Amino acid sequence: MSIWEVILAFVVVVLMLVALLANVLVLMCFLYSADIRKQVPGLFILNLTFCNLLMTVLNMPLTLAGIIYKSQPGGDQICHIVGFLETFLTTNSMLSMAALSIDRWIAVVFPLSYHSKMRYRDAALILSYTWLHSVSFPIVAASLSWVGFHHLYASCTLYNKRPEDRTQFVIFTGVFHTLSFLLSLIVLCFTYLKVLKVARFHCKRIDVITMQTLVLLVDIHRSVRERCLEEQKRRRQRATKKISTFIGTFILCFAPYVITRLVELSSVVHINSHWGIISKCLAYSKAVSDPFVYSLLRHQYKKTWKDIINKILKRTWYGTYKTHKMIHRKLNFQEAVLDRLKTSPCSSRSPCST
């Protein structure tokens, strides 16, 4: 193995560990908190977490084995199943992000009618569409034997080994990425930019009220005035940062891999194998960033996972403390009995020993 392959294998291992830990923590929060389960976005986050976990457990280890051994890990049957799941899970996660953006757009733009526009039934219908959409492409690819081990990405994915099917495979790949990556990106940009527009409008209203209040309060201290102006600036930047994070992580993680897959269809451009694996690792990194971007850094999830950790630590500490306390009591009792026997007078029924 070259130094590049060692580095890439190490990156895949780190991605696996962090993704597994973060997504399991999101799943624990969902199971622990009844409030999170009651919310409609929780269904989309649960679906996204499910996709990320399967990707972490099934696809990443085989990619790691492909990097190390430079060949197909396992038999053809296993590779076909993993390649099928890779296409399905990647598409499903993209559409789940688009569904989350639609939910937040409705919540911000139509706050008064949100509960009538986005119910559990509506969320279930959206999830049903994402599953049908996601499973249709890998079914077509598997039926046409377009799934296999690709040395450029060291993983089992969409791959055409027959030159006579090249035109059909090019059309299929273009349609697939258009209706998965590009469609999700358009939905993300449209919905989140609408959310940003509404957020900026509300920030301007709050800024006007704040400035009017500062003008009226002539005797207000200079530090308080500066603090209010700083809070205004922070409030305007907060919404922009969140929207940029949602769209930016999607583009940064998926765009290099999708562009590489499309450029690969052209026989003119040669793609380095190291870059192919790097683009695959970037796509895998979305399973790492999603728990933090959509869940764990939000106030409700923060509170929940902190409660879980505190409960585990408290139970462990309390169990250890209780065990030590019982042992301490038992020793004190034994010492008290021995002291009593030493200091007690001789019994009348038995003579004192000399």
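The preceding data block contains the structure.
Everything numeric in this text was worked out from a predicted model, so none of it was measured.

Chemist: Just to check I follow, could you spell out the side chain of threonine 56 for this structure?
Modeler: By secondary structure assignment, the location of threonine 56 is in helix α3 (residues 41-69). Apart from the residues within four sequence positions on either side, threonine 56 is in contact with Met16, Ala19, Leu20, Pro61 and Ala287.

Chemist: What's the story with the pattern of salt bridges in this structure? I'm lost.
Modeler: Within this structure, the stated rule accounts for 7 salt bridges. In this structure, lysine 280 engages glutamate 86 in a salt bridge whose closest nitrogen and oxygen atoms are separated by 2.3 Å. Taken together, the residues lysine 280 in helix α9 (residues 273-284) and glutamate 86 in helix α4 (residues 76-109) connect sequence positions 194 residues apart. Residue classification places lysine 280 among the buried residues on the basis of a relative accessible area of 1%.

Chemist: Would you explain the layout of surface pockets in this entry?
Modeler: Unfilled space is identified by rolling a water-sized probe across the atoms. What the largest pocket holds in volume is close to 650 Å³. Sorting the residues of the lining of the largest pocket by element identifies α4, α7 (166-216), α8 (222-264) and α10 (286-296) as the ones contributing at least two each. If you tally residues by element for the lining of the largest pocket, the top one is α8, at 8 residues. When its volume is computed, the second largest pocket comes out at roughly 220 Å³. If you go around the second largest pocket, the residues you meet are His150, Tyr159, Asn160, Arg162, Pro163, Arg166, Phe169, Val170, Glu264, Leu265, Ser266 and Ser267. Residue composition of the lining of the second largest pocket, by class: 5 nonpolar, 4 polar and 3 charged.

Rules and cut-offs
- Residues numbered from 1 in each chain as written.
- Predicted model: local features only at pLDDT ≥ 70, side-chain atom pairs only at ≥ 80, totals over all residues.
- Heavy atoms only, no water.
- Helix = DSSP H or I, 4+ residues; strand = E, 2+ residues; numbered from the N terminus.
- Contact = heavy atoms within 4.5 Å.
- Salt bridge = Lys/Arg side-chain N within 4 Å of Asp/Glu carboxyl O.
- Buried < 20%, exposed > 50% of the residue type's maximum accessible area, 1.4 Å probe, protein only.
- 1 Å grid on protein atoms, 1.4 Å probe; cavity = no way out; pocket = protein on both sides within 12 Å on 5 of 7 lines; lining within 4 Å.
- Points joined across faces, edges and corners; volume = space filled by probe spheres on them.
- Nonpolar A, V, L, I, M, F, W, Y, C, P; charged D, E, K, R; others polar.

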